[in-house]
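# Reading the structure
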Amino acid sequence: MTTKLIVGFGNPGTSYDFTRHNLGFLVLDYFLSQKKLVWLPKKKYKSYYQHFDTGKNSAFFIKPQTYYNSIGHAVQSFSNYYKIQPKDTLIICDDFYLAFGKNRLRLNGSAGGNNGLKSVINTMKTEEIPRLRIGTGNSDRREKLSDIDFVLSKFTPEERTQLPAILDAAALRIEDFIN
């Protein structure tokens, strides 16, 4: 049985709910609700976590409660304790360079400008970490906001109507990764 680690990227606190940077949290919240599971605190790893067993494989899910740009420490601590290899870790994060709702799974690569990924890569000392990037791009809003203001902005009403399909697609990617 292989144990996987699924990490959603985001910032702690309700003020960040439904912001672009918290899309990783939103995906995991959705996935766990589909499995009728709830988050449990894991103070030692500064994360919320849950465990899911398919019979063939098992997976831990974590929502680090550090801020986005320093998320690597929580990921490394959790994976070291449970002896989960980087290749068995799936990062779920937002990407404002991708069109809204598009998702891209890569098994390795650079951080591509994502500071959360940069933190994980630097802390774990490898780029061999699978990641599911989910597009939050919106050129009209990007023209009006700085990068920081854009990633911390809430989804527009039109974008929110597209979230169910985006979350469904991401949940399928998670299932595939676990199995």
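What counts and how
Residues numbered from 1 in each chain as written. Predicted model: local features only at pLDDT ≥ 70, side-chain atom pairs only at ≥ 80, totals over all residues. Heavy atoms only, no water. Phe/Tyr/Trp six-rings, centres within 6.5 Å; stacked < 30°, edge-to-face > 60°. Helix = DSSP H or I, 4+ residues; strand = E, 2+ residues; numbered from the N terminus. Buried < 20%, exposed > 50% of the residue type's maximum accessible area, 1.4 Å probe, protein only. Lys NZ or Arg CZ within 6 Å of the ring centre and 35° of its normal. Axes fitted to C-alpha atoms, helices over the stretch in contact; angles between N-to-C directions. Parallel < 35°, antiparallel > 145°, perpendicular 65-115°, else oblique. Contact = heavy atoms within 4.5 Å. Nonpolar A, V, L, I, M, F, W, Y, C, P; charged D, E, K, R; others polar. Left-handed = near helix turned anticlockwise from the far one by under 90°. pLDDT = per-residue confidence, 0-100. Pairing = 2+ DSSP bridges.

## Regarding the packing of aromatic side chains
- Going through the model one piece at a time under the given rule, you end up with 15 aromatic pairs.
- Measuring from centroid to centroid gives 5.8 Å for Tyr45 and Tyr81, while their planes differ by 50°, and the two rings are tilted. In this pair, Tyr45 sits in the loop between strand S2 (40-42) and strand S3 (47-53) while Tyr81 sits in helix H2 (residues 72-81), placing the two residues 36 residues apart along the sequence.
- The exposure class of Tyr45 is buried, given its relative accessible area of 4%.
- Seen from their ring centres, Tyr45 and Tyr82 are 6.5 Å apart, and the 55° between their planes marks the pair as tilted. Of this pair, Tyr45 sits in the loop between S2 and S3 while Tyr82 sits in the loop between H2 and strand S5 (89-99), and the two are 37 residues apart along the sequence.
- Residue classification places Tyr82 among the partly exposed residues on the basis of a relative accessible area of 24%.
- An aromatic cluster is built from Tyr45, Tyr49, Phe60, Phe78, Tyr81 and Tyr82, whose rings are joined through pairwise contacts.
- The side chain of Lys42 reaches across the aromatic face of Tyr49, ending 5.0 Å from its centre.
- We note Arg142 situated over the ring of Phe150; from NZ or CZ to the ring centre the distance is 5.5 Å.

## Thoughts on the packing of helix H1 (residues 23-34) against helix H6 (residues 157-178)
- At a closest axis distance of 9 Å, the pairing of H1 and H6 adopts a crossing angle of 75°. Considering their axes alone, H1 and H6 lie roughly perpendicular with respect to each other. Facing Leu23, Leu26, Val27, Leu28, Tyr30 and Phe31 of H1, the residues of H6 in contact are Leu163, Leu167, Asp168, Ala170, Ala171, Ile174, Glu175 and Ile178.
- Split into classes, the residues belonging to the contact of H1 with H6 amount to 12 nonpolar, no polar and two charged.

## Quick look at the packing of H2 against helix H3 (residues 115-124)
- H3 packs onto H2 with a crossing angle of 45° between their chain directions and a minimal axis gap of 8 Å. Taken together, the axes of H2 and H3 are oblique relative to one another. Taken as a pair, H2 and H3 cross one another with a handedness that is right-handed. Two secondary-structure elements touch here, H2 through Gly72, His73, Val75, Gln76 and Ser79 and H3 through Ser119, Val120, Thr123 and Met124.
- When its residues are assigned to classes, the contact of H2 with H3 shows three nonpolar, six polar and no charged.

## Focus on the confidence of the model for the chain
- Summary statistics for the chain give a mean pLDDT of 93 and a share of 100% for residues scoring 70 or more.
- Mean pLDDT per element in the chain: helix H4 (residues 139-144) is the minimum at 87, and H1 is the maximum at 97.

## Re the sheet that holds strand S4 (residues 58-64)
- Ordered by their spatial adjacency, seven strands build an open sheet running S2-S3-S4-S1-S5-S7-S6, and the pairing between neighbours is mixed. In this open sheet, the two edge strands, each paired with only one partner strand, are S2 and strand S6 (103-106). Averaged over all adjacent pairs, the angle separating strand axes in this sheet is 30°, with direction ignored.
- Where S2 lies against S3, three bridges are found, and the strand directions are antiparallel. When the sheet's bridge partners are listed, Lys42 is paired in S3 with Ser47.
- On top of the sheet, H1 reaches strand S1 (3-8), S3, S4, S5 and strand S7 (131-137); it is set at about 140° to S4, its chief contact.

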